[in-house]
Amino acid sequence: MHISDGVLSFQVIATGWIIALILNAIILWRCKSRHDMAEEIPKISIMTGAFFVASLVHVSIGPTSVHLLLTGLLGVVLGIMAFPAMLVGLTLQAFLFQHGGITTIGINNVMMGIPALLAYLIFRYGYRKGINASVLGIICGALGVILSGIFLALMLITTGEEFTEIAYAIVVAHIPVMIIEGIITGSVVTFILKVRPELLPLDREV
Amino acid sequence: MVEAIKVEDLNYSYSDGTKALEDIGLTIYEGEKVVVVGPNGAGKTTFFLHLNGTIKNPQGDVRVFGKRISDMKIEDRIHQVGVVFQDPDDQLFMPTVFDDVAFGPINMGLDEEEVEKRVNKALSKVGLEGFEKKVSHNLSYGQKKRVALAAVLSMEPKVLVLDEPTANLDPKSRADFISLISDLNERDGITTIIAMHDVNALPTLADRVYVLNKRIVAEGSPRDIFSDWSLLKDNSLEAPDVFKLFKVLNCFGYSSDDLPLSFDEAVEVLTRTIEGTEGHIHLHIHEHTHKEISHVMDSYNHHRNGKK
Amino acid sequence: MVEAIKVEDLNYSYSDGTKALEDIGLTIYEGEKVVVVGPNGAGKTTFFLHLNGTIKNPQGDVRVFGKRISDMKIEDRIHQVGVVFQDPDDQLFMPTVFDDVAFGPINMGLDEEEVEKRVNKALSKVGLEGFEKKVSHNLSYGQKKRVALAAVLSMEPKVLVLDEPTANLDPKSRADFISLISDLNERDGITTIIAMHDVNALPTLADRVYVLNKRIVAEGSPRDIFSDWSLLKDNSLEAPDVFKLFKVLNCFGYSSDDLPLSFDEAVEVLTRTIEGTEGHIHLHIHEHTHKEISHVMDSYNHHRNGKK
Amino acid sequence: MEYPEIDAYSSMDSPIHRFDPRAKIVSFTFLIFSLVFVNDIRVAFSGLVFSFFILLVSRLPPGFALKRIRMVFFFLFPLLLVMPLTVEGREIANISGISVTLDGLIFASLIIMRALAAVTLALTMLATTRFDMTMKTLYALKIPGTLVQMLMFTYRYIFVITDEFSRMWESMECKGFSLKANYHGLSIFGNMLGMIIIKSYDRTRRVYESMVSKGYSGRPRTLVHLKMSAKDYVLSTCMVGIAIFVHAYQFI
Ligand SMILES: Nc1ncnc2c1ncn2[C@@H]1O[C@H](COP(=O)(O)OP(=O)(O)OP(=O)(O)O)[C@@H](O)[C@H]1O
Ligand SMILES: Nc1ncnc2c1ncn2[C@@H]1O[C@H](COP(=O)(O)OP(=O)(O)OP(=O)(O)O)[C@@H](O)[C@H]1O
Ligand SMILES: [Mg+2]
Ligand SMILES: [Mg+2]
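Residues numbered from 1 in each chain as written. Chains lettered and ligands numbered in written order. Predicted model: local features only at pLDDT ≥ 70, side-chain atom pairs only at ≥ 80, totals over all residues. Heavy atoms only, no water.

Chemist: Which residues make up the overall build of chain B, and what values go with them?
Modeler: On a plain count of helices and strands, chain B comes out with 13 helices and eleven strands. Taken against the 2.2 N^0.38 rule, which gives 19 Å for 308 residues, the C-alpha radius of gyration of chain B at 22 Å falls within 12% of a compact globule. Counting only C-alpha atoms, chain B reaches 70 × 45 × 45 Å along its principal axes. Taking as baseline every contact in chain B between residues at least 6 positions apart, the subset at least 24 positions apart corresponds to 65%. Just so you have it, chain B exposes about 11,800 Å², and 45% of that area is on carbon and sulfur atoms. (Helix = DSSP H or I, 4+ residues; strand = E, 2+ residues; numbered from the N terminus. Rg over C-alpha atoms; globule rule 2.2 N^0.38 Å. Contact = heavy atoms within 4.5 Å. Areas by Shrake-Rupley, 256 points an atom, 1.4 Å probe, with all protein chains shown as cover.)

Structure, rendered in structure tokens:
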């Protein structure tokens with residue numbers, strides 16, 4: 001569901017790159033100062049690989065099929081590292097499959113990375129407040145999708161008012177995906193909590 | 001005899017063009033235990049994918065108890081053939097052991113009570129009663145292998161297909177697993193088809209052996225296969241150590257037509273032969289002994305000479 | 001003799017509380033070949049993690065050629081000890097074979113020319129000249145194992161540590177890999193430390209064996225270890241088939257003190273014994289033969305009786 | 001599940017294949033960035049024609065290229081149906097009260113042409129170089145080493161995890177499971193995904209261990225041999241020139 005080359009205006013693309021580069025730089029710098037990068041790099045890479053593969057799965061609903069975004073789940077599992085992970089994933093997707101585009105890697109990174117970060121914050125906050133993790137998973141999964149959809153719509157409208165109707169349609173089209181990802185994310189979180197709880201950012205420092 | 005599995009003119013190529021199977025034809029009868037051997041990349045795993053319906057439209061004819069596998073309903077198919085893959089981690093994806101073992105029966109549409117009965121039965125078959133609540137991922141490797149087997153046994157298949165059942169197991173778990181599988185064959189009458197590299201364990205698990213190397217290269221009893229050293233050489237195989245040793249004893253004048261393949265059989269054969277020859281056997285060096293021995297060594301140790 | 005590896009009072013617990021190693025103490029001399037055996041979960045892999053610096057502050061004393069491993073610089077450490085883990089997919093993380101094999105030398109800070117020389121040398125040692133440009137996922141399992149070994153050999157370590165080198169290999173690749181490792185030990189003088197479950201391959205790869213089961217349970221020559229059947233039983237081990245068979249031959253009146261452990265050795269020992277006893281050996285059944293045989297069978301086939 | 005095989009034809013030979021990877025990446029990227037912001041439909045069309053020309057020169061098999069280019073077209077095709085109806089402007093037809101506008105049609109075509117030109121160029125750039133070389137070139141072009149390493153490792157493990165995923169999928173299917181968009185199906189799929197995540201997480205530790213035993217400390221170090229020739233300079237100057245010209249011609 002990333003946006004391809006040639007659609008968005010110069011201003012939107014440029015803003016996207018600027019935000020993406022700044023955020024990535026801050027996050028990586030922060031990570032370098034707190035963790036051993038030798039340990040973090042293989043970790044992020046392999047997890048990104050796992051998400052990359054999982055997002056190639058198509059779920060058929062009626063006559064069409066949707067492929068998964070997994071923004072919310074990525075945030076819940078990787079924490080703030082979800083943002084650079086998304087950059088790597090999107091770059092590979094553009095390079096290997098020509099999904100999305102090359103000029104839009106920055107804006108796509110923002111569009112999917114920020115919902116991932118929000119999902120992470122909500123998950124952590126909610127868990128500390130004692131909300132059931134599976135419910136939180138459902139919320140974060142659903143939120144990740146719909147926020148990405150709304151961001152996408154906003155960017156289209158910013159590019160030109162020609163896109164208004166299409167933007168609305170895109171948000172509506174995201175609703176089934178939102179439900180699907182909510183259920184999947186809820187079940188992944190429940191599973192991980194049972195089998196390998198230390199993988200979730202329950203009380204991990206950022 | 002009832003034909004459990006019948007395959008004719010089966011071909012398969014992966015999407016990248018790798019030809020994995022060529023003109024495979026074989027028949028396995030009900031109650032048999034068959035082992036498929038062949039080098040790495042011979043197509044054993046690919047062949048097994050045809051038996052469980054993963055490959056949906058086989059280029060060739062694959063029949064299970066007379067029915068084409070592509071025409072069978074899923075529920076029927078999994079009741080006929082159960083496949084246990086090599087890596088148990090690939091097969092355990094549910095939170096608890098119970099859920100994993102119940103997965104197949106639930107997909108078969110059985111009712112709750114029946115599902116539970118099956119899970120208990122399958123777990124007790126593999127010796128893991130009381131493990132229902134455990135998290136599969138935290139078990140030892142050998143235990144995971146058993147759970148993976150139980151998860152297939154719970155569907156009560158008539159044919160059990162196992163890919164490398166003994167790999168990575170410690171010697172005790174290996175021995176346990178081998179006796180578990182032969183029990184399933186001998187006591188419960190399940191037809192077993194096994195792919196493996198472990199030639200020392202093979203004789204216990206095989207009435208009949210197929211050598212696969214893209215095509216079916218040979219078929220026969222373990223003894224036939226292991227006696228044909230050029231076949232072994234061409235297909236990167238070896239004979240069991242016990243068998244090779246008796247070949248050498250033969251050179252020293254021990255004469256017996258049925259050379260044993262495993263330790264247990266060796267003890268039996270030795271006892272029988274010695275009793276049969278009025279209580280003793282002579283081993284001695286005669287004129288040709290050395291030549292014969294080096295011939296045996298050369299034939300069977302072919303792999304060792306390659307790189308030196 | 002130079003002490004290549006010296007470990008004293010080593011303990012290790014995983015963060016979840018699993019105690020994996022207890023009071024490990026051992027010494028391995030330069031040029032030795034040592035095998036570590038033990039059941040699944042015995043701590044073999046955990047022990048090896050101490051030799052490559054993954055575990056940064058060992059609770060105990062781990063010395064390599066006299067220096068504490070935690071005090072060594074990375075470049076020095078990897079020049080002394082190279083570890084090849086079990087799953088080659090965990091060790092080939094670069095895009096091409098060349099990059100993987102060059103990874104260590106580049107990290108050692110060598111210049112480009114030297115790196116290339118080392119890559120070529122390492123690849124030719126494992127018999128994969130010309131594979132530089134290949135991508136790992138296009139290789140067979142056996143080839144991946146070789147690349148993983150080459151990626152460690154290119155650092156020219158004095159001590160080579162291998163975790164389950166023969167698992168999942170077909171018989172030919174297994175035999176090739178075994179002779180490759182013993183060549184490295186015998187020709188290049190590399191000290192080798194190996195963990196494995198494959199008892200039939202063990203004798204070729206071991207001068208000395210440690211039995212690990214959280215603690216060091218026993219130490220000795222392969223022959224000592226395999227003769228102690230209660231030790232084997234307690235640690236889920238087995239003896240090689242050839243060795244067991246000679247135990248049985250002993251009951252039939254074959255008498256030799258050094259029982260062979262592998263096929264090659266067996267041929268040698270047989271020839272020697274028969275030549276030594278004026279050209280023949282008598283195998284016969286005497287009064288106690290049957291009792292002795294069933295004793296041997298019970299001792300060594302302990303695992304088989306468990307579940308029946 | 002299929003492997004990503006973007007560089008399946010990178011061992012062929014053509015002027016584009018021989019183009020120095022650094023110069024290739026810089027000039028193609030420059031051209032792509034230039035063409036996606038073109039506002040004149042005639043220029044966009046010329047850009048599209050030029051990118052097809054480059055694709056032809058590269059001798060990549062048409063089937064391989066079209067399969068990938070087609071994807072983008074399908075993705076954007078709805079614009080061609082919707083925009084003439086929603087964008088205001090000169091009416092060219094009127095279907096039962098709904099007006100179809102020329103402006104909408106032109107705008108949608110412009111977007112599609114820009115997108116097709118970009119994807120054609122990107123495809124040609126990536127498919128004519130071995131993918132490992134592309135990544136190393138990024139490093140040579142001073143893209144931060146941390147990111148390039150993450151790209152390399154991720155790329156490698158995509159294959160490993162794809163295999164793992166397929167094996168798990170096979171074993172689920174052979175127990176009678178098929179993925180449908182209902183609660184049961186999705187939650188089982190969630191379990192499987194959870195397992196993939198946990199296994200990958202465990203793998204990260206093992207990979208880290210094996211990296212450490214090869215002296216890895218997080219610093220990127222790669223060997224790349226690249227040498228620019230006169231031909232490379234000429235070709236990249238041409239492409240960059242075109243990229244500038246499509247925006248600057250109005251001022252000349
Ligand atoms: N997904 C795939 N795509 C392309 N080629 C494949 C794929 N899986 C396997 N192959 C190739 O098909 C051939 C047969 O592989 P297969 O895994 O069936 O062999 P095998 O006999 O099971 O080997 P092993 O003993 O190593 O398990 C090999 O050449 C392998 O490289
Ligand atoms: N990351 C980990 N966290 C917690 N426990 C672990 C971890 N890795 C291993 N263990 C446990 O530590 C013990 C020793 O494991 P280890 O992998 O060293 O055994 P091993 O001798 O290599 O076994 P195998 O023969 O199966 O390879 C086992 O009980 C295992 O379950
Ligand atoms: Mg296989
Ligand atoms: Mg281990």
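Chemist: An account of the interface of chain A and chain D is needed here, citing residue identities and associated values.
Modeler: Between chain A and chain D, the contact holds 67 residues from the first and 68 residues from the second. Buried area between chain A and chain D, summed over both chains or domains, comes out near 5,900 Å², and the portion from carbon and sulfur atoms is 82%. When the area that chain A buries against chain D is broken down by residue, the three leading residues are A:Ile46, A:Leu96 and A:Gln98, summing to 11%. At the junction of chain A with chain D, the criterion picks out one salt bridge. Put simply, chain A and chain D have eight residue pairs in polar contact (both at pLDDT 80 or more) between them. Those elements that provide at least two residues to the side of chain A that touches chain D are helix H1 (10-34), helix H2 (37-54), strand S1 (58-61), helix H3 (71-78), helix H4 (82-97) and helix H7 (164-195) of chain A. Here the element with the most residues in the side of chain A that touches chain D is H2(A); it accounts for 17 residues. Counted by class, the side of chain A that touches chain D contains 45 nonpolar, 14 polar and eight charged residues. (Buried area = accessible area lost by both parts, 1.4 Å probe. Salt bridge = Lys/Arg side-chain N within 4 Å of Asp/Glu carboxyl O. Polar contact = N/O pair within 3.5 Å; in protein donor to acceptor, adjacent residues only side chain to side chain. Nonpolar A, V, L, I, M, F, W, Y, C, P; charged D, E, K, R; others polar.)

Chemist: Let's hear about the site of ligand 1: which residues, and what values?
Modeler: Residue and element names in this part refer to chain B. Close to ligand 1 lie 14 residues, the nearest being Asn40, Gly41, Lys44, Thr45 and Thr46. Within the side chain of Asn40, one N or O atom sits 2.8 Å away from an oxygen atom of ligand 1. Here His197 contributes a side-chain N or O atom positioned 2.9 Å from an oxygen atom of ligand 1. When isolated, ligand 1 has an accessible area of 640 Å², and the protein chains bury 69% of it. Per-element tally for the shell around ligand 1: the top contributor is helix H1 (residues 44-51), with three residues. Looking at the shell around ligand 1 residue by residue, the classes come out as four nonpolar, seven polar and three charged. (Near = heavy atom within 4 Å.)

Chemist: Quick rundown of the sheet that holds strand S3 (residues 33-37) of chain C? Include the residues and the values.
Modeler: All names here are of chain C. With mixed pairing, six strands are arranged side by side in an open sheet as S6-S7-S8-S3-S9-S10. In the strand order of this sheet, the two ends are held by strand S6 (81-84) and strand S10 (215-220), each with one partner. With strand direction ignored, the average angle separating the axes of adjacent strands in the sheet is 20°. Where strand S9 (residues 208-213) lies against S10, five bridges are found, and the strand directions are antiparallel. Bridging from a neighbouring strand, Tyr210 pairs with Glu219 of S10. Along the sheet, helix H6 (residues 171-186) makes contact with S3, strand S7 (159-163) and strand S8 (191-195), crossing S8 at roughly 150°. (Pairing = 2+ DSSP bridges. Axes fitted to C-alpha atoms, helices over the stretch in contact; angles between N-to-C directions.)

Chemist: Talk me through the site of ligand 2; I want residue IDs and the actual numbers.
Modeler: Near ligand 2 lie 15 residues; those nearest to it are C:Asn40, C:Gly41, C:Lys44, C:Thr45 and C:Thr46. Near ligand 2, the surrounding residues belong to chains C and D. Within the side chain of C:Tyr14, a nitrogen or oxygen atom sits 3.4 Å from a nitrogen atom of ligand 2. Here an oxygen atom of ligand 2 and a side-chain polar atom of C:Asn40 are 2.8 Å apart. Here ligand 2 loses 70% of its free accessible area of 640 Å² to cover by the protein chains. Broken down by element, the residue count for the shell around ligand 2 peaks at three residues, all from helix H1 (residues 44-51) of chain C. Considered class by class, the residues forming the shell around ligand 2 number four nonpolar, seven polar and four charged.

Chemist: Describe the pattern of salt bridges, with residues and values.
Modeler: Residue and element names in this part refer to chain B. In total, this model carries 60 salt bridges over all chains according to the counting rule given. Between Lys33 and Glu186 there is a salt bridge, with its nearest N and O atoms 3.0 Å apart. Here Lys33 is found in strand S3 (residues 33-37), whereas its partner Glu186 is found in helix H6 (residues 171-186), with 153 residues between them in sequence. Its relative accessible area of 8% is what places Lys33 among the buried residues. Ionic pairing is found between Asp241 and Lys244, a salt bridge with its closest N-O pair at 3.6 Å. Placement of both Asp241 and Lys244 in helix H10 (residues 241-251) is noted, with a separation of three residues, approximately one turn of the helix. (Buried < 20%, exposed > 50% of the residue type's maximum accessible area, 1.4 Å probe, protein only.)

Chemist: Can you explain the packing of aromatic side chains? Please cite residues and give values.
Modeler: Per the stated rule, a full pass over the model turns up 26 aromatic pairs over all chains. Seen in terms of ring centroids, A:Phe123 and A:Tyr127 are 6.4 Å apart; in terms of plane orientation they differ by 15°. Their pairing is stacked. Taken together, the residues span about one helical turn, with A:Phe123 and A:Tyr127 both in helix H5 (residues 105-128) at a distance of four residues. Ring centres of C:Phe93 and C:Phe103 lie 4.8 Å apart, and the angle between their planes is 80°; on these two criteria the pair is classed as edge-to-face. Of this pair, C:Phe93 sits in the loop between S6 and helix H3 (97-107) while C:Phe103 is found in helix H3, placing the two residues ten residues apart along the sequence. Every member of this aromatic cluster is reached through a ring pair, and the members are B:Phe93, B:Phe103, D:Phe165, D:Trp169, D:Phe177 and D:Phe189. Across the ring face of C:Phe65, the terminal group of C:Lys158 is positioned such that the distance to the ring centre comes to 4.9 Å. When the ring centre of D:Tyr157 is taken as reference, the NZ or CZ atom of D:Arg156 above it lies at 5.7 Å. (Phe/Tyr/Trp six-rings, centres within 6.5 Å; stacked < 30°, edge-to-face > 60°. Lys NZ or Arg CZ within 6 Å of the ring centre and 35° of its normal.)

Chemist: Would you mind going over empty space enclosed by the protein in detail, with residue names and values included?
Modeler: Residue and element names in this part refer to chain A. A complete count under the given rule lists seven cavities of 30 Å³ or more for this structure. Of the voids in this model, the largest cavity is the one considered here, and its volume is about 200 Å³. Around the largest cavity, the lining comprises 17 residues; the ones closest to its centre are Phe51, Ser55, Leu69, Met86 and Gln93. At the level of secondary structure, the elements contributing two or more residues to the lining of the largest cavity comprise H2, H3 and H4. (1 Å grid on protein atoms, 1.4 Å probe; cavity = no way out; pocket = protein on both sides within 12 Å on 5 of 7 lines; lining within 4 Å. Points joined across faces, edges and corners; volume = space filled by probe spheres on them.)

Chemist: Residue-level account of the pairing of strand S2 (residues 98-101) of chain D, with values.
Modeler: Residue and element names in this part refer to chain D. In the sheet, strand S1 (residues 91-95) pairs with S2 via four bridges, with the strands oriented antiparallel. Counterpart to Glu91 in the pairing with S2 is Thr101. Two successive antiparallel strands, S1 and S2, enclose a turn made up of two residues, where Ser96 displays a positive phi of approximately 35°.

Chemist: Talk me through the sheet that holds strand S1 (residues 3-13) of chain C; I want residue IDs and the actual numbers.
Modeler: Residues and elements named next belong to chain C. The strand order across the open sheet formed by four strands is S2-S1-S4-S5, and the pairing between neighbours is antiparallel. Only two strands of the sheet have a single partner each, and these edge strands are strand S2 (19-29) and strand S5 (67-68). Strand direction decides the pairing type here: strand S4 (residues 59-64) and S5, joined by two bridges, are antiparallel. Following the sheet pairing, Arg63 is matched in S5 by Arg68. Packing of H1 onto the sheet brings it into contact with S1, S2 and S4, and relative to S1 it is tilted by some 120°.

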